[in-house]
Amino acid sequence: GAGVSQSPSNKVTEKGKDVELRCDPISGHTALYWYRQSLGQGLEFLIYFQGNSAPDKSGLPSDRFSAERTGGSVSTLTIQRTQQEDSAVYLCASSWTSGGARNEQFFGPGTRLTVL
Amino acid sequence: SQKIEQNSEALNIQEGKTATLTCNYTNYSPAYLQWYRQDPGRGPVFLLLIRENEKEKRKERLKVTFDTTLKQSLFHITASQPADSATYLCALDKLNDKIIFGKGTRLHILP
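Fair warning: this is a prediction, and the values are worked out from it, not measured in the lab.

Rules of the game
- Residues numbered from 1 in each chain as written.
- Chains lettered and ligands numbered in written order.
- Predicted model: local features only at pLDDT ≥ 70, side-chain atom pairs only at ≥ 80, totals over all residues.
- Heavy atoms only, no water.
- Contact = heavy atoms within 4.5 Å.
- Buried area = accessible area lost by both parts, 1.4 Å probe.
- Salt bridge = Lys/Arg side-chain N within 4 Å of Asp/Glu carboxyl O.
- Polar contact = N/O pair within 3.5 Å; in protein donor to acceptor, adjacent residues only side chain to side chain.
- Helix = DSSP H or I, 4+ residues; strand = E, 2+ residues; numbered from the N terminus.
- Nonpolar A, V, L, I, M, F, W, Y, C, P; charged D, E, K, R; others polar.
- Disulfide = S-S within 2.5 Å.
- Buried < 20%, exposed > 50% of the residue type's maximum accessible area, 1.4 Å probe, protein only.
- Pairing = 2+ DSSP bridges.
- Axes fitted to C-alpha atoms, helices over the stretch in contact; angles between N-to-C directions.

Asks: Lay out the interface of chain A and chain B with the relevant residues and their values.
Replies: Across the contact, 18 residues belong to chain A and 17 residues belong to chain B. Taking both sides of the interface into account, the surface hidden between chain A and chain B amounts to around 1500 Å²; carbon and sulfur atoms contribute 56%. Linking chain A to chain B there are one salt bridge. Taking the shortest distance from any N to any O, the salt bridge between B:Lys98 and A:Asp56 comes out at 3.2 Å. Where chain A touches chain B, the interface holds five residue pairs in polar contact (both at pLDDT 80 or more). Of all elements in the fold, only β4 (31-37), β5 (44-50) and β10 (101-102) of chain A reach the threshold of two or more residues within the side of chain A that touches chain B. Its residues placed into classes, the side of chain A that touches chain B shows eight nonpolar, seven polar and three charged.

Asks: So what about the state of the cysteines? Which residues, and what values?
Replies: Here, disulfide denotes a covalent bond that connects the sulfur atoms of two cysteines. Enumeration over the complete set of coordinates arrives at two disulfides over all chains. Bridging A:Cys23 to A:Cys92, the disulfide has an S-S length of 1.8 Å. Sign of the S-S torsion, about -65 degrees for the bond between A:Cys23 and A:Cys92, identifies this disulfide as left-handed. One end of the pair, A:Cys23, is in strand β3 (residues 19-24); the other, A:Cys92, is in strand β8 (residues 88-95), and 69 residues separate them in sequence. Here A:Cys92 falls in the buried class, since its relative accessible area comes to 0%. A sulfur-sulfur separation of 2.0 Å characterises the disulfide bridge that pairs B:Cys23 with B:Cys90. Here the disulfide of B:Cys23 and B:Cys90 is right-handed, its torsion about the S-S bond being about 65 degrees. Pair noted here: B:Cys23 is in strand β3 (residues 19-26) and B:Cys90 is in strand β9 (residues 86-93), with a separation of 67 residues, a long-range link. Here B:Cys23 matches B:Cys90 in class, with each residue buried.

Asks: I'd like a description of unusual backbone geometry, backed by residues and values.
Replies: Omega for the bond connecting A:Ser7 with A:Pro8 falls within 30 degrees of zero, at -10 degrees, which places this linkage in the cis form. By the secondary structure assignment, A:Pro8 is in the loop between β1 (5-7) and β2 (10-13). At B:Lys71, a position not held by glycine, the phi torsion is positive, near 55 degrees. Secondary-structure assignment places B:Lys71 in the loop between β7 (62-67) and β8 (72-77). Positive phi outside glycine occurs at B:Ala79, with the angle close to 45 degrees. Note on placement: B:Ala79 falls in the loop between β8 and β9.

Asks: I'd like a rundown of the sheet that holds strand β6 (residues 65-69) of chain A, residues and numbers included.
Replies: Residues and elements named next belong to chain A. As summarised here, the arrangement of the four strands in space is β1-β3-β7-β6, forming an open sheet in which the pairing is antiparallel. For this open sheet the edge positions go to β1 and β6, each flanked by a neighbour on one side alone. Ignoring which end each strand starts from, the neighbouring axes of this sheet average 15 degrees apart. As paired elements, β3 and strand β7 (residues 75-79) share five bridges and run antiparallel to each other. Bridge pairing in β7 links Leu-21 to Leu-77.

Asks: Lay out the pairing of strand β1 (residues 3-6) of chain B in plain terms, naming residues and giving numbers.
Replies: Residue and element names in this part refer to chain B. Residues Ile-4 and Gln-6 of β1 are buried on one face, while the alternating residues Lys-3 and Glu-5, pointing to the opposite face, are not. In terms of strand pairing, β1 meets β3 through four bridges, oriented antiparallel. Residue pairing for β3: Gln-6 is matched across the bridge by Cys-23.

Written as C-alpha cells, this is what we have:
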C-alpha cells in the first residue's frame, strides 16, 4: 500500500498569512507525529496523536500552531500568522501501536515551508 | 530533564572499515531504542529496533547494541560503503509516551 503522504510538497507564503499542511498516514496506523526540521538540524517534535487519546501538544512552539486529526486518519497542521522563523521542513510520521508493542515510524516526504 | 546525545561532529570513515555511532541518554528508561537513516531532502527511514531486554541486534551489515546500565546504544556498520553516507538518528521509546529523537550524527564514508 501507499506510504505516508504530505501536501503540499512546497509552500511559499508571506509573513502574517495562515497555512495548512496535510498528512495522510498509512491506513490502520494509530499513532501520528508532526515534526519540524530546520536546515542541518535535528527533528523538533511538535505534536503526537495516539488513537482516541488527547494529543500531546507539548512540542508546539506557540499558540499560532495547532493540529487536528479527523476520524483517526488525516491530520492537518495549521500555522497562523506565519513568521519567517517558521520556515522549515515539516515532517509527518505514523506508526502502528498494538498491545503495548511499538513499531517503527514511517515518515512522509515533508512539506518545505518558506515564509517570505 | 531527559536528554539524548549523539556525536555532534560528523564522522569520517574510510571505505571498508567499520563505522560506530553512539547514542547516550539520561533520565530516561526506554523500552525500545530505534535507529533511523536520513538522506538530504528526505524523511528518516527506519533501520533497526532493539528492545530493553536485548543486548544486540543484527541486520545484514548493521549491528546495534543496547546497554541499559550504561544508558547507551552503539550502531555499527561493517564493511562500510560510500552509499552508507547519511545522517543516522537514534530514537527512544518508553511506550505510553511519545518517541524522542536524537539530533543525529552525519556519517561520511570516504572512498
